[in-house]
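Fold and geometry: a report
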Amino acid sequence: MLNYILRRLLHMIPTLIVISVLVFVIIQLPPGDFVDSLEAELQESDSVASKEAMEQLREQYGLDKPMWEQYFKWISGFVVGDFGYSFEWRRPVVELIGERLALTFALSFGSLVFIYLIAIPIGIYSARHQNSMGDYAFSSFAVLGLCIPNFVLALVAMFVVVFLLGGSAGGLFSPEYRFEPWSFGKFLNMLSHLWVPIIVVGAAGMAGSMRVMRNSMLNVLREQYITTARAKGVSEFKVVYKYALRVAANPFITGLGMQLPRLISGSVIVAIVLGLPTTGPMFLKSLQGQDMYLAGSFLMFLAILLLLGNLLSDILLAISDPRIRLE
Amino acid sequence: MSETNTNQNEDQNTSPLQPALEADADETGVSQDDQRILTAGQWRLMWRKFKRNRLAVVCGWMLLFMYTVILLSGFIAPYNPDSRFKNRAYVSPQGLHFFDDSGFHIRPFVYGLTANRDTASQRWVYSQDKTRRYPVKFFVYGQEYSFLGIKTNWHLFGLDQDGGKQQRGIFLFGTDIQGRDMFSRVLYGGRVSLTIGLFGVLLSVCFGSVLGVVAGYFGGIIDNLIQRVIEILRSFPRIPLWLALSAAIPPNMGQLQSYFMITIILSILGWTGMARSIRGQVLSLRNEEFVMSAKLMGASHSRVIFRHLMPAVSGYIIVVATIAVPGMILAESSLSFLGLGIRPPMVSWGALLTDCQSLTTLFYYQWLLLPALFIIIVVFCYNFLGDGLRDAVDPYSAAKR
C-alpha cells in the first residue's frame, strides 16, 4: 500500500512539471504585464507615471528578463515554499494564499460531506422504492439542481438569507471576527456562515451522486447473494445496510475523482458571488490585474489539490473494496 | 480497386440476410410492422426507440423552437437590444391586458406609465395610467435591424409610433438600468448563449473524435501520448482555467473575434472528455471482425478509420456531443456573468445577469433574473434530449436502468 502511494506520488512529479509550464504560459498570455496595467490604472486616475519609474519597477520585479528565466526563478522558489511576490498586494504570495486555500478546501470538503450525507440515504431510498412518488420527487429535485447554474443558485441563496432570514450576506465571518486571529469562537462563527455556500456548491453535484447511488444499489439488490440473504431470513435492515451498501458504494468512491474538479470550480464561482474570503475573488482580481505570481500560484495549487484528490479516491477505493489490488 | 471490393463485401453481408428474414416472417406469421423492424437499419431503429421517450421528444421540439426564435429574434423583438428609453429605467414587466372598464378587447393593450420619484428609497416608481391605453399592433414597422444581411424594420409586434419620440414602449420583461427592453435583450442574448455551446461542442467533436479514434485504433505510444495530454488538461479545475484563459483575450478585440475566442477556450477542455469516451468505444470495436476483414483486404489506416470505425461510433459521438452542450452553455454564462466572457455591446444570458450581482438589484428588480430561467430551461431540455438519445443509441441502456 505504502509502496503504491509512493509510486503514485512519484508519477505526479512529471505531470506537475508540465502543469507548471502550462500555468506559467497561461498567466503570461494577456498582452502586456503588470506594470502596463498599473500604468493604465494610474492614467485613469489622472496621475502621471514617469517612464523611468515604470522601467525601474519592471526591473525590480524581474519583468524585463526573458520568459524562461522568469519561469525558472518562479518554479525554483515554488519547490522551497517561496511562491513569488504579489505586485498588487505588495506582499509575498505565500502570506496571501495560505488561509484562502485552506478555506477553499474547507468549503469543497464540506460540500462533499454534504453531498454524501444527503445523496446516499436518498439514493438508497429511491432504489428500494423504485418508481414510487418519493423516487420521482427526489429525481425531479435532483434534475433541478443540475440545471440551475451555480451562480444563480448563489444569488437566490443570498436573497433568501438576507431578505427572508434576516442574516448577513457575503463573507464567512461576522464583522467582530473578521480581522481577529483564529480562535474557537471564530471557528464556530465560520461554521454558522459556511452552510450557505456549502449547500449552493453541493446542489450541483447532488443530482449525479443520487443517480449513481440509486442505480448501483438497484444493481446490487438484484444479485443472488442478496436473495440468498433474504431467503435465510436476514433482517431487511441488515441486508441493505450491511451487505448491499458496501458493494453499492464503490462507484460512489470512484466518482469522488470526478466530483472534486466540479466542487473546486463551483466553490470558486460561488465564492466570487458571495464575496467569501476564499480563492475565488482574489483569483479573479489577480487575473484581471495581471498579478501573475498570485494567479499562477492559485492555479497551481488548485491543480495539486485535484491530483491529490484523485489519489485519495483511489486509495479509499482500495480500502473499501478488498477485491481491488493496487499494483 | 479496394473500394469495389469492400462494397461487394458489404453487399454480401446484408443481401442474403434480408430475403431470409422475409421468408422467416412469412412462415412464422410475424406482422408487417415487426418485419419492418427486423430489416430496419441502425439509424431507423434508434429513431424508433428515441420516439418512444416522450420527454426527450418534447425537449427536442422545445429546443428547435428556441433556435427558430433566436434566428428570428430581430423580427420578434420589438426593439434593438441597445436602444434606450429615456426616463424608463427599471420598469417592471408590463402585463398585457384584455379587459378594461368597457369590457373585453380582442386586441391586447398596455397602459401608459407615469414615473414618480420615491423619496425614501431614491428610486423611480412607475404606476399605470389607466387613462392612456395603447393597443398592441402586430406586424408593425419600427427600428431597423438586419436579417441574414437584409436590412428591414418589420417587427412582429409593437406600439404605434409616436412621431419619432421613443417615450412610449412595450416592455414585456421590464427594462434594465439604462431603460433597455429586457424582452428584446433576452431574445438577442439567446443568440449567443444558444449558439456558443453548439459551436464549442462542434469544435470539441472534430478534435476529440479524431484524436479519440486515433488513440483507440493505433494504441501504443500514440495512445499513451494522447492519454497523458488528456490527463494533464483534466487535472486543471475547469472554471479557474477558463477564467485564466479568457482573461487573456485582448480587450480591444472585435465582438466576433472574442466570441470565437470564447468558443475555442471552452473546447480546450471540452475535447478531452469526448476523446476519452470515444477511445473506449473504438477499443472495443478494434478487434471486431469487420475491422479485421477490412485490414486483410488491404484497406489503409485512414480508410479503416473514416470508412468503418467513424460510422460505427457516430451514433455514440452524437450522444456525447449532446450531453456536452449544456455544460458549455453553463460555462459561457458563468464566464460572462463574471465579466470575462461576452463583452458589451454583445449580450448573452450570462452577461445580462451581471446586473444582478448587487443586493439592491435582487431586492428591487427581481425581473432582471429572468434570463436565468431561460438558461435553466435550455439546460434542462438538452439534458433530457441527451438522455433520450443515449437510451436510443445504446441497446443495453434499458436493461441497465
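The structure displayed is predicted, hence computed values, not measured ones.

Parameters at a glance
- Residues numbered from 1 in each chain as written.
- Chains lettered and ligands numbered in written order.
- Predicted model: local features only at pLDDT ≥ 70, side-chain atom pairs only at ≥ 80, totals over all residues.
- Heavy atoms only, no water.
- Helix = DSSP H or I, 4+ residues; strand = E, 2+ residues; numbered from the N terminus.
- Buried < 20%, exposed > 50% of the residue type's maximum accessible area, 1.4 Å probe, protein only.
- Contact = heavy atoms within 4.5 Å.
- Areas by Shrake-Rupley, 256 points an atom, 1.4 Å probe, with all protein chains shown as cover.
- Lys, Arg positive; Asp, Glu negative; His and termini not counted.
- Charge placed at Lys NZ, Arg CZ, Asp CG, Glu CD.
- Axes fitted to C-alpha atoms, helices over the stretch in contact; angles between N-to-C directions.
- Parallel < 35°, antiparallel > 145°, perpendicular 65-115°, else oblique.
- Left-handed = near helix turned anticlockwise from the far one by under 90°.
- Nonpolar A, V, L, I, M, F, W, Y, C, P; charged D, E, K, R; others polar.
- Domains from an automatic or database assignment.
- Buried area = accessible area lost by both parts, 1.4 Å probe.
- Salt bridge = Lys/Arg side-chain N within 4 Å of Asp/Glu carboxyl O.
- Patch = residues over 30% accessible without salt bridge, like charges linked within 9 Å, V, L, I, M, F, W, Y side chains within 5 Å.
- 1 Å grid on protein atoms, 1.4 Å probe; cavity = no way out; pocket = protein on both sides within 12 Å on 5 of 7 lines; lining within 4 Å.
- Points joined across faces, edges and corners; volume = space filled by probe spheres on them.
- Core = buried A, V, L, I, M, F, W, Y, C linked by side-chain atoms within 4.5 Å.
- Pairing = 2+ DSSP bridges.

1. Quick word on the overall build of chain A
Helix and strand counts for chain A stand at 14 helices and 2 strands. Reported as C-alpha extents along the three principal axes, the dimensions of chain A are approximately 85 × 55 × 35 Å. Counting across all 327 residues of chain A, residues that qualify as buried make up 48%. Excluding contacts between residues fewer than 6 apart, the proportion of contacts in chain A whose partners are at least 24 apart in sequence is 75%. About 16,600 Å² of surface is accessible on chain A, with carbon and sulfur atoms providing 66% of the total. For chain A, the distance from the average position of its 24 positive side-chain charges to the average position of its 24 negative side-chain charges is 20 Å.

2. Thoughts on the packing of helix α1 (residues 2-28) of chain A against helix α4 (residues 67-79) of chain A
Residues and elements named next belong to chain A. Running from N to C, α1 and α4 point in directions that differ by 125°, and their axes come no closer than 11 Å. The angle between α1 and α4 falls in the class oblique. At the point where α1 passes α4, the crossing takes the right-handed sense. Residue-level contacts link Ile17, Ser20, Val21, Val23, Phe24, Val25 and Gln28 of α1 to Met67, Gln70, Tyr71, Trp74 and Ile75 of α4. Its residues assigned to classes, the contact of α1 with α4 comprises 9 nonpolar, 3 polar and no charged.

3. Details of the domain arrangement of chain B
All names here are of chain B. What the domain assignment reports for chain B is domain 1 (85-180) and domain 2 (184-398). The C-alpha centroid of domain 2 is placed 39 Å from the C-alpha centroid of domain 1. When the buried surface of domain 1 facing domain 2 is broken down by residue, Tyr90, Arg123 and Phe173 rank first, second and third, together holding 56% of it. In this assembly, domain 1 and domain 2 are joined by 1 salt bridge.

4. Focus: a positive patch on the surface
All names here are of chain B. Residues Arg44, Arg48, Lys51 and Arg52 make up a contiguous surface patch of positive charge. Here Lys51 shows up in helix α4 (residues 42-52). On the basis of relative accessible area, Lys51 is assigned to the partly exposed category, the value being 49%.

5. Some details on empty space enclosed by the protein
Evaluation of the coordinates by the stated rule reveals 2 cavities of 30 Å³ or more. Along its surface, the largest cavity is lined by A:Ile26, A:Ile27, A:Pro30, A:Ser286, A:Leu287, A:Gln290, A:Asp291, A:Met292, A:Ala295, B:Ala244 and B:Ala247. Secondary-structure elements contributing two or more residues to the lining of the largest cavity are α1, α13 (279-288) and α14 (292-320) of chain A. The residue makeup of the lining of the largest cavity, split by class, is 8 nonpolar, 2 polar and 1 charged. Residue contributions to the lining of the largest cavity reach at least three from each of two domains, namely domain 1 (22-82) and domain 2 (100-320) of chain A. Quantified by volume, the second largest cavity comes out at close to 30 Å³. Taken together, A:Ile27, A:Gln28, A:Pro30, A:Gly32, A:Asp33, A:Phe34, A:Gln290 and A:Met292 make up the full set of residues lining the second largest cavity. Classifying every residue of the lining of the second largest cavity gives 4 nonpolar, 3 polar and 1 charged.

6. A short note on the nonpolar core
Residues A:Trp74, A:Met217, B:Leu243 and B:Leu353 are the most contacted members of the largest nonpolar core, which totals 201 residues. A total of 16 residues in this core trace back to one element, the largest contributor, which is helix α12 (residues 301-337) of chain B. Those residues in contact with B:Leu243, other than ones at most four positions away along the chain, are A:Val268, A:Phe283, A:Leu284, A:Leu287, B:Leu335, B:Leu338 and B:Leu340.

7. Considering the sheet that holds strand β2 (residues 103-118) of chain B
Residues and elements named next belong to chain B. In spatial order, the strands read β1-β2-β3; together these 3 strands make up an open sheet with antiparallel pairing. Both outer strands of the open sheet, β1 (97-100) and β3 (123-135), are each paired with one neighbouring strand and no more. Each adjacent strand pair in this sheet contributes to an overall mean axis angle of 60°, direction not counted. Here 10 bridges tie β2 to β3, and the two strands are oriented antiparallel to one another. Along β3, the bridge assignment pairs Phe109 with Pro135.

8. Some details on the packing of helix α8 (residues 220-234) of chain B against helix α10 (residues 255-286) of chain B
All names here are of chain B. Running from N to C, α8 and α10 point in directions that differ by 135°, and their axes come no closer than 10 Å. In terms of orientation, α8 lies oblique with respect to α10. Read as a crossing pair, α8 and α10 show a hand that is left-handed. Counting all contacts with α8, which are made through Asp223, Gln227, Val229, Ile230, Leu233 and Arg234, the residues of α10 involved are Ile268, Leu269, Trp271, Thr272, Gly273, Ala275, Arg276 and Arg279. Residue composition of the contact of α8 with α10, grouped by class: 7 nonpolar, 3 polar and 4 charged.

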